[in-house]
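Summary of structural features
Spelled out from the first residue to the last, the chains are:
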Amino acid sequence: MMTSPTASRRTILAAIAALPLAGCAARAVHGTDAGGVERLDPALDRIIPRTAHVETIATGYRWAEGPVWNARDGSLLFSDVPANVIHRWVPGEGARPWLDPSGLAGPIPAEIREAGANGLAIDRAGSLVMGDSGSRTVARLDMATRAKTVLADRFEGKRFNSPNDVALAHGGAIYFTDPPYGLAGGDASPVKELAFNGVYRLASDGAVTLIDDGLSFPNGIALSPDERTLYVSISDPERPELLAYPLDAAGRAGTPRRLFDFRAGVAAKQPGLPDGMTVDARGTLFATGPGGVHVLTPDGRLLGRIATGVAIANCAIGAGYLYLASSDRIARIALA
């Protein structure tokens, strides 16, 4: 999700989603009316076939987010954060509500702007891990019983803002971002207890370690296949960047480097800001940003973009496709 220091996230999204996709006219774009692929490097053909096109598979959501592919039953789970619902899409059957409420249960206080769960991931045991924006926690859900367990809700005794996106390490650690988007008023919210918006590591023993407290709006988060690099996006129009943090063998983060700068896309008023992302087995990074999903090499070289014509919040890989949570819809495109 995205916001700015001076305006609410929803205001920015309404403005940028109405803008046309810029920068594609001079390049070959292949696709359908659901979007297209902007090919900037021949290497993209080994990732997205030339014949692939963007297709919409589900619509009618307030703000689609957090897609995750469940290989155990061949379905896609995704959040509609403001609606407080997780939906489940099955090929040939379509999408239906799967968990309602997904986040905060009961009456929603005025202090909470987005009550639903946001980023989703499935752990090695088959449980659903979520950034529970409305409940202001990182939680785990038993997929069979729908019982939710809070894994962390505080740092140094103070409640999190609204945990947003999660990335799971093989050893059980959970990396997550904690911007203020779920709070009415954002950084100015009277119920915001932390003076910063953080990036954290939650160890398997429950210990929470702060990785970075200096980012204005940390948002999407992902791990490289070897788990030696942590990627974090910043959804700030003043600093729209994708950062890469080196991780040591124990999962501790070092000083980040800027992997990609999205300022040109922001200046061109392309729809979206840096947000969610996913990484394939080869280390290719699919990072949302102005104009769509940016396909990047591990060293930050841009191979191309996947667009739907409106802002894309997040993406996930499953069963040979890249799934796109894009404003009011879910789309997908085949991968090589």
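Residues numbered from 1 in each chain as written. Predicted model: local features only at pLDDT ≥ 70, side-chain atom pairs only at ≥ 80, totals over all residues. Heavy atoms only, no water.

Counting buried positions over the 5 residues of strand β16 (residues 198-202) gives 4, a clear majority of the element. Across 5 bridges, strand β15 (residues 174-178) lies against β16 in antiparallel orientation. Its bridge partner lying in β16, T177 is registered against V199. Bridge analysis of β16 against strand β17 (residues 208-212) gives 4 bridges, and the strand direction is antiparallel. Directly across from Y200, in β17, lies its bridge partner L210. The antiparallel hairpin formed by β16 and β17 contains 5 residues in its connecting segment, where G206 sits at a positive phi of about 95 degrees. (Buried < 20%, exposed > 50% of the residue type's maximum accessible area, 1.4 Å probe, protein only. Helix = DSSP H or I, 4+ residues; strand = E, 2+ residues; numbered from the N terminus. Pairing = 2+ DSSP bridges.)

That bond from D100 to P101 is cis: its omega, 5 degrees, falls within 30 degrees of zero. Checked against the element boundaries, P101 lands in the loop between β7 (94-99) and β8 (117-122). Backbone geometry places R136, a non-glycine residue, at a positive phi of 60 degrees. One can find R136 in the loop between β9 (128-132) and β10 (137-141).

Let us now look at the nonpolar core. Formed by 19 residues in total, the largest nonpolar core has its most connected members in I48, F286, V295, I306, L322, L324 and I333. Residue assignment for this core shows that the elements contributing at least two residues are β24 (292-296), β25 (302-307), β27 (321-326) and β28 (329-334). If we ignore the near neighbours within four places in the chain, the residues touching L322 are T278, F286, V293, I306, C315, A316, I317, A331, R332, I333 and L335. Counting residues in each nonpolar core, the second largest holds 14 residues, with L223, L230, V232 and L243 among its members. (Core = buried A, V, L, I, M, F, W, Y, C linked by side-chain atoms within 4.5 Å. Contact = heavy atoms within 4.5 Å.)

Let us look at the sheet that holds strand β14 (residues 166-168). In spatial order, the strands read β14-β15-β16-β17; together these 4 strands make up an open sheet with antiparallel pairing. Edge strands, defined here as strands with exactly one partner in the open sheet, are β14 and β17. Going from strand to strand, the sheet's axes swing by 25 degrees on average, the running direction of each strand aside. (Axes fitted to C-alpha atoms, helices over the stretch in contact; angles between N-to-C directions.)

Side chains that differ in charge, positive against negative, can pair when their charged atoms come close. One pass over the structure, following the stated rule, counts 19 salt bridges. The salt bridge involving R50 is made with D45; its shortest N-O contact spans 3.3 Å. Judged by relative accessible area, which is 44%, R50 ranks as partly exposed. Salt bridges sharing common partners tie together R239, E241, R258, D261 and R263. (Salt bridge = Lys/Arg side-chain N within 4 Å of Asp/Glu carboxyl O.)

Attention now moves to the sheet that holds strand β4 (residues 64-70). If you trace the 4 strands from one edge of the open sheet to the other, you get β4-β5-β6-β7, paired in antiparallel fashion. Either end of the sheet is taken by a strand with one partner, and the two such strands are β4 and β7. Along the sheet, successive strands turn relative to each other by an average axial angle of 25 degrees, direction set aside. The sheet contact formed by strand β6 (residues 85-90) and β7 spans 5 bridges and is antiparallel. Pairing of R88 across the sheet is with R96, part of β7.

Attention now moves to the side chain of T177. Relative to the helices and strands, T177 resides in strand β15. In this structure, T177 is in contact with P163, N164, D165, G198, V199, P218, N219, G220, I221 and V232, ignoring residues within four places of it in sequence.

Another point: the side chain of S79. With respect to the secondary-structure elements, S79 resides in strand β5 (residues 75-80). Residue class for S79 comes out buried when judged on its relative accessible area of 0%. There is a polar contact of 3.4 Å between the side chain of S79 and the backbone oxygen of A117. Of the polar contacts made by the side chain of S79, one reaches the backbone oxygen of N118; its length is 2.7 Å. If near-sequence neighbours (up to four positions away) are discounted, S79 is found in contact with W63, A64, E65, V85, I86, A117, N118 and L120. (Polar contact = N/O pair within 3.5 Å; in protein donor to acceptor, adjacent residues only side chain to side chain.)

A word on the packing of aromatic side chains. Inspection of the entire model under this criterion finds 11 aromatic pairs. Seen in terms of ring centroids, W69 and Y323 are 5.4 Å apart; in terms of plane orientation they differ by 10 degrees. Their pairing is stacked. Taken together, the residues span a long stretch of sequence, with W69 in strand β4 and Y323 in strand β27 at a distance of 254 residues. A residue is classified by how much of its surface remains accessible, and Y323, at 1% relative accessible area, is buried. Ring-pair connections join several aromatic residues into one group, and the members of that group are F155, F160, F176, F196 and Y200. Here the guanidinium or amino end of R146 rests over the ring plane of W98, the centre of that ring lying 4.1 Å away. Against the face of Y321 rests R332, its NZ or CZ located 3.9 Å from the ring centre. (Phe/Tyr/Trp six-rings, centres within 6.5 Å; stacked < 30°, edge-to-face > 60°. Lys NZ or Arg CZ within 6 Å of the ring centre and 35° of its normal.)

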